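# Per-entry structural report
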2 protein chains.
Amino acid sequence: MIRILLADDEHLIRGAMAALLSLEDDLEVVAQAATGAEALATARVVRPDVAVIDLQMPDLDGVSVAQALSTHLPTCSTMIVTSHGRPGHLKRALAAGVRGFLPKTVSSDVLATVVRTVHAGGRYVDPALAAEAISAGDSPLTPREADVLELALEGAPIDEIARRASLSPGTVRNYLSSAVGKTGASNRHEAARFARARGWI
Amino acid sequence: MIRILLADDEHLIRGAMAALLSLEDDLEVVAQAATGAEALATARVVRPDVAVIDLQMPDLDGVSVAQALSTHLPTCSTMIVTSHGRPGHLKRALAAGVRGFLPKTVSSDVLATVVRTVHAGGRYVDPALAAEAISAGDSPLTPREADVLELALEGAPIDEIARRASLSPGTVRNYLSSAVGKTGASNRHEAARFARARGWI
DNA sequence: AGAAACCCATGACAGATGTCATGCCGGCTA
DNA sequence: TAGCCGGCATGACATCTGTCATGGGTTTCT
C-alpha cells in the first residue's frame, strides 16, 4: 500500500483527487494539506511514501515544498501536479529533486501510474511539458537581469525598480536593455512577459 | 435525478469532480467536455439539467459558453467554477445568465448543494467572490479605453496598439493617458495590470 | 597571470511615451 | 435645440526609456 500526501489549495480538486486515488487498491491518501507550510508540517508527522503537490499554492511554492521535503524526508518521493506548466518550473522542480511532473490535464489513470512509478524510484515527466522545456532552452539572462526583469513585471517605472533593487536607475536601464536585446522584445514589459512565459523569471 | 454536464479542460479535475458528484444519490454526470465548443455541442444533444463549466478553457470562455447555453438551451441552468476569481468575470457571468459562481476552493459538499440550488431555480455566488466584486466597484473606463488598455496588456508599443485598434497613435495615447489617470497608475502597463486585476478588461 | 564573464555606475542621445490643449463629429438627454 | 459625453484626431512639450560607449571592480576558469 502506497501512502500518499496530497497538497492543493483548491479544496474541490484536492478532495476529488483523493477520491480518485483512493479508488486504486494499492494507493491510500493518508493526509491532505491546503498550503505549502501545512503540507510540510503534515509530512513530517505522517511520513508518506509519495507527496503529490500542486505547483501554485498561497504561501510556499510547490517546488520549495519539494526541496524541503527532499532534505527533511528523503524517503518520500515528491511529484508535482500543475495547471499552468511553465518550462522554468519544470527545470527548477527537477533540480529540487522532484520525481514526477504532470499537468492537470492528464487522466486519473496516468496519475495513479505515475504515483506508482515514482514510488518505485522511477521518474516521469509529461512529454508535452518536457518538449516545451527543451524548446524553451536555457535562460540567457544573467541573475541580475532576471532580478530586474522580475521587478519590471508589474509595470513599475524604472526609478521604482531601481529603488527596490537598490541599484542606480542607469544600471537598471542597462540590465533591462540587455534583457530586451536577449529576448528580442521591443520594450521591457514585453521582455518581462516573454521571460515569464519561458519560466526564466 | 439531476442530469449534469461537466466542462473543464483539466482532465484530472473533470474526472475527479465527476467522481465526487456521482457519489450523490440525486446527481448524475451525463456528459463531459474538455473545451467550450465541445461543451456546447454536447449540451445540445444531451440536454442536461445543469451545466458546470470551468471559467478558463482553451477555446471558448466559460462565460461565452454560458451565454450560448442560456439562449439555445434555456431549460439548462449554468454554473461556473473557477480557480482565479476575478470580479469582472463574476459580473459578466451573471449578465450572461449564470446561476452559480464558485471558486474551486470550495468543498464537494458545497458544490453538490449549489448544483441542487441552481437546478431548483435559485442562485448562488461565493460570498468571498461577491465581496471582492462589490469592493472592486464598477469600471470607470469608457469602452474604448478598455479596448486599448487590453491591447496594452501584453506590453506592445503604442504604434502596434494603434494598428491593432485601427486608431491613430495619438488617439491611443490619449485613451491610455486617461486610463492611467483613472487607475492612479504611473504608466499604461501598471494601469493595464490594475484594470485586469479588477476585472475591468 | 590573463581572459572572460558578470556587477555596478555614469553620461549622452534618440526615440517612445505621458500630458495637455484644442477641435470636429455623432448620439443622447434635458 | 442646446448641452454633455464619448469617439477620434492633431500638435506641442516634458519626461521617460532604450541604446550605446566607457570604465572600474570582482569572481571564475584556463
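The rules we used
- Residues numbered from 1 in each chain as written.
- Chains lettered and ligands numbered in written order.
- Predicted model: local features only at pLDDT ≥ 70, side-chain atom pairs only at ≥ 80, totals over all residues.
- Heavy atoms only, no water.
- Pairing = 2+ DSSP bridges.
- Helix = DSSP H or I, 4+ residues; strand = E, 2+ residues; numbered from the N terminus.
- Contact = heavy atoms within 4.5 Å.
- Axes fitted to C-alpha atoms, helices over the stretch in contact; angles between N-to-C directions.
- Near = heavy atom within 4 Å.
- Polar contact = N/O pair within 3.5 Å; in protein donor to acceptor, adjacent residues only side chain to side chain.
- Nonpolar A, V, L, I, M, F, W, Y, C, P; charged D, E, K, R; others polar.
- UniProt positions renumbered as here; feature names shortened; annotations may be inferred.
- Buried < 20%, exposed > 50% of the residue type's maximum accessible area, 1.4 Å probe, protein only.
- Parallel < 35°, antiparallel > 145°, perpendicular 65-115°, else oblique.
- 1 Å grid on protein atoms, 1.4 Å probe; cavity = no way out; pocket = protein on both sides within 12 Å on 5 of 7 lines; lining within 4 Å.
- Points joined across faces, edges and corners; volume = space filled by probe spheres on them.

### Structural notes on the sheet that holds strand β6 (residues 124–125) of chain A
Residue and element names in this part refer to chain A. What the six strands build is an open sheet, ordered β2-β1-β3-β4-β5-β6; its pairing is parallel. Sheet topology places β2 (27–33) and β6 at the edges, where each strand pairs with a single neighbour. Of the strands in this sheet, β1 (2–7) and β2 touch helix α2 (residues 36–46), which is tilted by about 135° from β2.

### A few points about the protein's contact with DNA strand D
Not every one of the 18 residues close to DNA strand D is listed here, only the nearest: A:Arg173, B:Thr142, B:Arg144, B:Asn174 and B:Tyr175. When the atoms of DNA strand D within 4 Å of the protein are grouped by moiety, sugar and phosphate amount to 55% of the total. In this structure, a phosphate oxygen belonging to DNA strand D sits 3.1 Å away from a side-chain N or O atom of A:Arg188. Measuring from a phosphate oxygen of DNA strand D, one finds a backbone N or O atom of B:Ser168 at 2.9 Å. Elements with a contribution of two residues or more to the surface near DNA strand D: α9 (169–183) of chain A together with α7 (143–152) and α9 (169–183) of chain B. For the surface near DNA strand D, the element with the most residues is α9(B), which contributes five residues. Residues belonging to the surface near DNA strand D are distributed by class as follows: six nonpolar, eight polar and four charged.

### Brief notes about the UniProt feature "modified residue: 4-aspartylphosphate" (unreviewed entry) in chain A
Residue and element names in this part refer to chain A. Under the feature "modified residue: 4-aspartylphosphate" (unreviewed entry), the UniProt entry names Asp-54. Mapped onto the elements of the fold, Asp-54 is located in strand β3 (residues 50–54). With relative accessibility at 2%, the residue Asp-54 sits in the buried group. Residues in contact with Asp-54, not counting those within four places in the same chain, are Ala-7, Asp-8, Asp-9, Gly-62, Val-81, Thr-82 and Lys-104.

### Focus: the packing of helix α7 (residues 143–152) of chain A against α9(A)
All names here are of chain A. Axis separation between α7 and α9 bottoms out at 9 Å; the angle between their running directions is 95°. Taken together, α7 and α9 sit at an angle that is classed as roughly perpendicular. In this structure, α7 contributes Arg-144, Glu-145, Val-148, Leu-149 and Ala-152 to the contact, and α9 contributes Val-172, Tyr-175, Leu-176, Ser-178, Ala-179 and Lys-182. Here the residues of the contact of α7 with α9 are counted per class, giving seven nonpolar, one polar and three charged.

### Here we look at unusual backbone geometry
Residue and element names in this part refer to chain B. Unlike most non-glycine residues, Arg-47 shows phi in positive territory, near 50°. Checked against the element boundaries, Arg-47 lands in the loop between α2 (36–46) and β3 (50–54). At Ser-166, a residue that is not glycine, the phi angle is positive and equals roughly 55°. According to the relative accessible area criterion, Ser-166 is exposed, its value standing at 65%.

### Looking at empty space enclosed by the protein
By the definition in use, this model includes one cavity of 30 Å³ or more. Estimates place the volume of the largest cavity at around 70 Å³. If you trace the largest cavity, you find it lined by A:Ala152, A:Leu153, A:Glu154, A:Gly155, A:His189, A:Arg193, B:Leu153, B:Gly155, B:His189 and B:Arg193. Contributing elements (two or more residues each) for the lining of the largest cavity: α10 (188–198) of chain A together with α10 (188–198) of chain B. Classifying every residue of the lining of the largest cavity by side-chain character gives three nonpolar, four polar and three charged.

### Quick word on the protein's contact with DNA strand C
In the vicinity of DNA strand C lie 17 residues, with A:Arg144, A:Asn174, A:Tyr175, B:Arg173 and B:Arg188 positioned nearest. A:Arg144 places a side-chain nitrogen or oxygen 2.6 Å from a phosphate oxygen of DNA strand C. At a separation of 2.9 Å, a base nitrogen of DNA strand C approaches a polar side-chain atom of B:Asn174. Those elements that place two or more of their residues in the surface near DNA strand C are α7 and α9 of chain A together with α9 of chain B.

### Quick word on the sheet that holds strand β1 (residues 2–7) of chain B
Residue and element names in this part refer to chain B. One open sheet accounts for six strands, arranged β2-β1-β3-β4-β5-β6; its pairing is parallel. The strands lining the two open edges of the sheet, one partner per strand, are β2 (27–33) and β6 (124–125). Of the strand pairs in this sheet, β1 and β2 are connected by six bridges, and their pairing is parallel. From the neighbouring strand, Leu-5 faces β2, where its bridge partner is Ala-31. The strands touched by α2 are β1 and β2; relative to β2, the strand with the most contacts, the crossing angle is about 135°. Sheet strands touched by helix α3 (residues 62–72): β3 and β4 (77–82). Its angle to β3, the strand with the most contacts, is close to 160°.

### Quick word on the pairing of β3(B)
Residues and elements named next belong to chain B. Counting buried residues along β3, five of its five residues qualify, which places the element largely inside the surrounding structure. Here β3 shows a buried face lined by Val-50, Val-52 and Asp-54 and a second buried face lined by Ala-51 and Ile-53. As paired elements, β1 and β3 share four bridges and run parallel to each other. When the sheet's bridge partners are listed, Leu-6 is paired in β3 with Val-52.

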